[in-house]
Amino acid sequence: MEIDDLYCKIYLDYDYEKEDLENLFLKISFINGEGSDFHSNNLKIYIVKNHDYYHKKDKTDDFLFYKYLLEIDPLEEVFQEEYLSDLIKLLTFFKSNNIKFVPSCDYEELFFVN
């Protein structure tokens, strides 16, 4: 399946501070970076605080109100399969660390691992 737009937004339900999330990214073996900017050999990730976030006591389970967003793009001239493989590894990392996430992209049905 050929995907026209590989951009993906991931809503991340992570209740700690952004610095803690950035430190968590440093533990992912195939990811490098610092601050809010991370990358693998195939994708780049930017961590953004969700402006629609509701604190837990007021929050519903609606993913649109999760605390963080990850904006993910392919690096230039990357093969689609390699990009998707890294994205799946990233989501698998979140799942294995009990971090709820919801991908929002043209091909999100590929990620029903949550």
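Bear in mind the structure is a predicted one, so any value in this text is a computation, not a measurement. Counting restarts for each chain: residues are numbered from 1 in the order of the written sequence. Only residues with pLDDT of at least 70 get local features here, since the model is predicted, and only at 80 or more are side-chain atom pairs given and counted; chain-wide, interface and lining totals rely on the full set of residues. Hydrogens are left out, water is left out, and the side-chain values use all remaining heavy atoms of the structure.

(A) Quick peek at the nonpolar core. Core analysis: the largest hydrophobic core is formed by 31 residues, its most contacted members being Phe-25, Tyr-83, Leu-87, Phe-94 and Tyr-107. Listing elements by their share of this core, those giving two or more residues are β1 (8-13), α1 (18-25), β4 (43-49), β5 (68-74) and α2 (80-96). In this text, helices come from DSSP runs of H or I with a minimum length of four residues, and strands from runs of E with a minimum of two, each type numbered from the N-terminal end. Broken down by element, the residue count for this core peaks at 7 residues, all from α2. For our purposes a nonpolar core is just a set of buried Ala, Val, Leu, Ile, Met, Phe, Trp, Tyr and Cys residues, chained together by side-chain atoms within 4.5 Å. The rule is simple: take the accessible area with a 1.4 Å probe, protein chains only, and divide by the maximum for that residue type; under 20% is buried, over 50% is exposed, in between is partly exposed.

(B) Local environment of unusual backbone geometry. For Glu-77, which is not glycine, the phi dihedral falls at a positive 55 degrees. You can see Glu-77 is positioned in the loop between β5 and α2. Judged by relative accessible area, Glu-77 falls into the exposed class, the value being 81%. Backbone geometry places Asn-98, a non-glycine residue, at a positive phi of 55 degrees.

(C) Molecular detail of the pattern of salt bridges. Put simply, a salt bridge is a Lys or Arg side-chain nitrogen that is within 4 Å of an Asp or Glu carboxyl oxygen. Under the definition given, this model contains 1 salt bridge. Across the salt bridge formed by Lys-89 and Asp-86, the nearest N and O atoms sit 3.3 Å from each other. In this pair, Lys-89 and Asp-86 both sit in helix α2, 3 residues apart, roughly one turn of the helix. Look at Lys-89 and you get partly exposed, because its relative accessible area is 39%. On the basis of relative accessibility, which here comes to 5%, the residue Asp-86 falls in the buried class.

(D) Examining the sheet that holds strand β3 (residues 37-39) more closely. Spatially, β2-β3-β4-β5-β1-β6 is the arrangement adopted by the 6 strands of the open sheet, whose pairing is antiparallel. Only two strands of the sheet have a single partner each, and these edge strands are β2 (32-34) and β6 (100-104). In this sheet, neighbouring strand axes are inclined to one another by 20 degrees on average, regardless of whether the strands run parallel or antiparallel. Bridge count for β3 against β4 is 3 bridges, and the pairing is antiparallel. Counterpart to Asp-37 in the pairing with β4 is Tyr-46. Any two residues having at least one pair of non-hydrogen atoms within 4.5 Å are treated as being in contact. All axes here are fitted lines through C-alpha atoms, helices being fitted over the stretch that makes contact, and every angle between N-to-C directions spans 0 to 180 degrees. Taken strand by strand, α1 contacts β1, β3, β4 and β5, and its axis lies near 160 degrees from that of β4. One bridge is not enough; two strands pair if DSSP finds at least two bridges between them.

(E) A look at the pairing of β1. Counting buried positions over the 6 residues of β1 gives 5, a clear majority of the element. Sheet topology note: the β1/β5 ladder contains 5 bridges and is antiparallel. Residue Tyr-11 lies in a different strand from β5, and its bridge partner there is Leu-69. One ladder, built from 5 bridges, connects β1 with β6; its direction is antiparallel. Within β6, the position partnered with Lys-9 by the bridge is Ser-104.

By themselves these figures say nothing about function.
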